[in-house]
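# Geometric and topological summary
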2 protein chains.
Amino acid sequence: MPCSWINGKLVDESKAVLSIFDRSYLYGEGIFETLRCYGGKPAFLDRHYQRLRQNSRRLQIPLTLSEKDLRFAIGRLLKKNKMKEAVVRATVSLQGATFGVEIPKDPKVNLTLFCRPAALDPRLFEAGVKVFCSQNLINDSPGVADIKATSYLTKMLARAEAAKAGAYETLLKNAKGNWAEGSRTNLFVVLDRTVITPPLSEGILNGITRQVVLEILKEKKMAHREAPITDLMLNNAEEIFLTGSTSEVMPVGEVIGMIIRKTGPFPLAKTLRLEYRRTLGI
Amino acid sequence: MPCSWINGKLVDESKAVLSIFDRSYLYGEGIFETLRCYGGKPAFLDRHYQRLRQNSRRLQIPLTLSEKDLRFAIGRLLKKNKMKEAVVRATVSLQGATFGVEIPKDPKVNLTLFCRPAALDPRLFEAGVKVFCSQNLINDSPGVADIKATSYLTKMLARAEAAKAGAYETLLKNAKGNWAEGSRTNLFVVLDRTVITPPLSEGILNGITRQVVLEILKEKKMAHREAPITDLMLNNAEEIFLTGSTSEVMPVGEVIGMIIRKTGPFPLAKTLRLEYRRTLGI
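Sequence order sets the numbering: in each chain, residues are counted from 1 along the sequence as written. To label them, take the chains in the order written and letter them from A, then take the ligands in the order written and number them from 1. The predicted origin of the model limits local features to residues at a pLDDT of at least 70 and limits the giving and counting of side-chain atom pairs to 80 or more, whereas totals for whole chains, interfaces and linings rest on all residues. The basis for every side-chain value is the complete set of heavy atoms in the structure, and neither hydrogens nor water enter the calculation.

### Some remarks on the environment of Thr-91 of chain A
For clarity, the cut-off: Helix numbering and strand numbering both begin at the N terminus, where a helix is a DSSP run of H or I of at least 4 residues and a strand a DSSP run of E of at least 2. Residue burial is assigned from relative accessible area. The probe radius is 1.4 Å, only protein chains are included, and a residue is buried under 20% of its type maximum, exposed over 50%, and partly exposed in between. The contact criterion used is simple: two residues touch if any of their non-hydrogen atoms lie within 4.5 Å. Polar contacts, as counted here, are pairs of nitrogen or oxygen atoms within 3.5 Å of one another; within protein the pair requires one atom able to donate a hydrogen and one able to accept it, and residues that are adjacent in sequence qualify only if both atoms are side-chain atoms.
Positionally, Thr-91 of chain A belongs in strand S6 (residues 86-95). Among the residues examined, Thr-91 of chain A registers a relative accessible area of 0% and is labelled buried. The residues touching Thr-91 of chain A, leaving out its near neighbours within four places in the chain, are Ile-31, Phe-32, Asn-110, Leu-111, Thr-112 and Thr-150 of chain A together with Tyr-25 and Leu-26 of chain B. Among the polar contacts made by the side chain of Thr-91 of chain A, one reaches the side chain of Arg-89 of chain A at a distance of 2.8 Å.

### With respect to the domain arrangement of chain A
Residues and elements named next belong to chain A. What counts is decided by this rule: Domain limits in this description derive from either an automatic procedure or a database domain assignment. Buried area: the sum, over both parts, of the accessible surface (1.4 Å probe) that disappears when the two are put together. A pair is scored as a salt bridge if a Lys or Arg side-chain nitrogen falls within 4 Å of a carboxyl oxygen belonging to Asp or Glu.
Taken domain by domain, chain A consists of domain 1 (3-117) and domain 2 (124-279). Domain 1 and domain 2 are separated by 26 Å when their C-alpha centres are compared. A per-residue breakdown of the area domain 1 buries against domain 2 is headed by Phe-32, Arg-47 and Arg-51, which together make up 35% of the total. Arg-47 is paired through a salt bridge with Glu-215; the nearest N and O atoms lie 2.8 Å apart. Connecting domain 1 to domain 2 are 11 residue pairs in polar contact (both at pLDDT 80 or more). Listing elements by their share of the side of domain 1 that touches domain 2, those giving two or more residues are helix H1 (23-27), strand S4 (30-38), helix H2 (45-58) and S6. The greatest single-element share of the side of domain 1 that touches domain 2, amounting to seven residues, is contributed by S4.

### Notes on helix H5 (residues 153-164) of chain A
For clarity, the threshold we go by: Here, expected helix span is obtained from the residue count minus one, scaled by 1.5 Å.
The terminal C-alpha atoms of H5 of chain A lie 16 Å apart, and with 12 residues this matches the ideal 16 Å at 1.5 Å per residue to within 8%. Taken across its 12 residues, H5 of chain A has nine buried, putting it largely inside the fold. Listed as buried for H5 of chain A are Leu-153, Thr-154, Lys-155, Met-156, Leu-157, Ala-158, Arg-159, Glu-161 and Ala-162 of chain A. On its buried side, H5 of chain A packs onto strand S8 (129-138), strand S9 (169-173) and strand S10 (179-182) of chain A together with helix H1 (23-27) of chain B. At the exit of H5 of chain A stands Gly-166 of chain A, carrying a positive phi of roughly 65 degrees.

### Section: the interface of chain B and chain A
With 50 residues of chain B at the interface, the matching set in chain A holds 50 residues. Around 4200 Å² of area is buried between chain B and chain A when both sides are counted, 70% of it from carbon and sulfur atoms. Inspection of the chain B/chain A interface yields zero salt bridges. At the boundary of chain B with chain A, the tally comes to 19 residue pairs in polar contact (both at pLDDT 80 or more). Elements that contribute at least two residues to the side of chain B that touches chain A include exactly strand S1 (3-6), strand S3 (17-19), H1, strand S6 (86-95), strand S7 (108-117), strand S8 (129-138) and helix H5 (153-164) of chain B.

### Points about the relation of the copies chain B and chain A
Note the cut-off: Residues below a pLDDT of 70 in either copy are left out; the C-alpha atoms of the rest, at least 70 in both, set the least-squares superposition of the copies.
With an RMSD of 0.0 Å, chain B superimposes on chain A once it is rotated by 180 degrees and translated 0.0 Å along the axis. One copy is carried onto the other by what is essentially a two-fold rotation axis. When the interface residues of chain B are mapped onto chain A, 100% of them are again interface residues, pointing to one common binding face.

### Section: the sheet that holds S4 of chain A
All names here are of chain A. Operational definition: Following DSSP output, two strands are said to pair if at least two bridges run between them. The angle between two axes is taken between their N-to-C directions and runs from 0 to 180 degrees, where each axis is a line fitted to C-alpha atoms and a helix contributes only its stretch in contact.
Taken together, six strands build an open sheet; the order of strands is S2-S1-S7-S6-S4-S5 and the sheet is antiparallel. Where the open sheet ends on each side, the last strands, each with one partner, are strand S2 (9-12) and strand S5 (41-42). Inspection of the sheet shows S6 paired to strand S7 (residues 108-117) by 10 bridges, in the antiparallel sense. What sits directly across from Ala-86, in S7, is Pro-117. Of the strands in this sheet, strand S1 (3-6), S2, S4, S5, S6 and S7 touch helix H3 (residues 67-80), which is tilted by about 40 degrees from S7.

### Regarding the confidence of the model for chain A
Selection criterion: Note on scores: pLDDT gives the predictor's confidence for each residue, bounded by 0 and 100.
Per-residue pLDDT for chain A has a mean of 95; in total, 98% of the residues score no lower than 70. Prediction confidence for the complex, expressed as pTM and ipTM, is 0.96 and 0.96 respectively.

### As for the pattern of salt bridges
Residue and element names in this part refer to chain B. Scanning all chains against the criterion turns up 34 salt bridges over all chains. Salt-bridge contacts for Glu-33 lead to Arg-51; the nearest nitrogen and oxygen are separated by 2.7 Å. Highlighted residues: Glu-33 in strand S4 (residues 30-38) and Arg-51 in helix H2 (residues 45-58), separated in sequence by 18 residues. Assessed through its relative accessible area of 1%, Glu-33 is described here as buried. Judged by its relative accessible area of 8%, Arg-51 is buried. The salt bridge involving Lys-220 is made with Glu-275; its shortest N-O contact spans 3.6 Å. You can see Lys-220 sitting in the loop between helix H6 (208-219) and strand S13 (224-226) and its partner Glu-275 sitting in helix H8 (residues 267-279), a full 55 residues away along the chain. The exposure class of Lys-220 is partly exposed, given its relative accessible area of 39%.

The structure is reproduced here in structure tokens:
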């Protein structure tokens, strides 16, 4: 039986429990990070920790552990579970709630970690994935969508749409009608050989792989810009790809739902994935 | 120490725990109801149960207990805690999640209940409350806002705004720019002696007190309609009131934030509260 890490202790997953007065359980008032680990080490832990800290300030959840503490905890967890190629979920929330907003004067911070083996089929990076363009769901509002919070219902409904359509991911529009992001990935398109991704002002998560890919594009002096992505752009893009901690740089081979088309080959997406993995030392 | 009800058992609140693999904790994928109990009995339990059932279908959470079971469980909880005037929170979620959407084949349903004394100052119904009109937050999208789900971050941020402003409630606009609802209440205004509340198509929760008030207006042949509520309507309304299980029919005496004004007296709100309480047999 695998182990979880609960508030500093490694415990059997069957015994990994929290109070029902945890605010993430009651209100989706929690923050989290999903960390891809390579060779037993979490990638870009510094950036994940920085985002966790920023979000903890926004939700007024005191972050009681340092970046070093988090690195140590993840190391222990992976070692205990004998995993090297893994995905770790870290969740931080406050305990102490009944009805309403009031937080107790001396609240308890809950921090939990669990891991699973990284299990993405490497052939997907060659063939490209199928994505479903949602016709009904709208991405969360700006001011909420940019917080990596456990109030994840919109994204879970989007994932259910993807699963139903046999797709890898669902793309969501924002309230302005532009394509914003996927349920767990950021969106990029290539038009006239220029790589385009929505700016943060479109109401999206500030994805860490997105940050790294933008830095690579800048460093390599490859044409790119941040701009809203319209239906027409998604329809006409030479390439479409998704970025995320577990998806790395994932080419899209087929689009279904509101827009229907095939795409490929994916020279830029493949180049960027190689460069991304190079920054990881792989 | 008060007791909670966890999956059929009354347990001391300090021991009321759930697995960290509960999907409400990890993803805000849970549904809930807040039930006001008068004289030890939950008001409109049939309607709350019906909504819970509808939401359970939408989130594919099997509802393993009947309306009768829920009534019995609430009765036991209140009796054990020696409460008669109380608020009960019921939460239903699935356990079994790691990353992504996949639900295990034989998932465990978690159902928890806890209660607190009903503690609203009755003078508020006379004086009216202060409400804050949010300038930054937008209500959740239609397709999500109408599910009473534990992905409650928008509403919690709204409550934090209210608390900061010393207000009872925060009103949120929808993406179309109309006033939609509060963080825990539905919104009504009175213009030209006609009671107006946003239709469900504005992306709001189908509040049970809202339903009952609309039925009273219809039965008493009082002028009313469902229509979007604009800035101008909120600014010029003769009366403004909120409805909710714990707020009953709550008059608004002062509006702050994006719109600033005082209102009162509240003859229609007071009449409707009396009628509402009459349907409860109080």
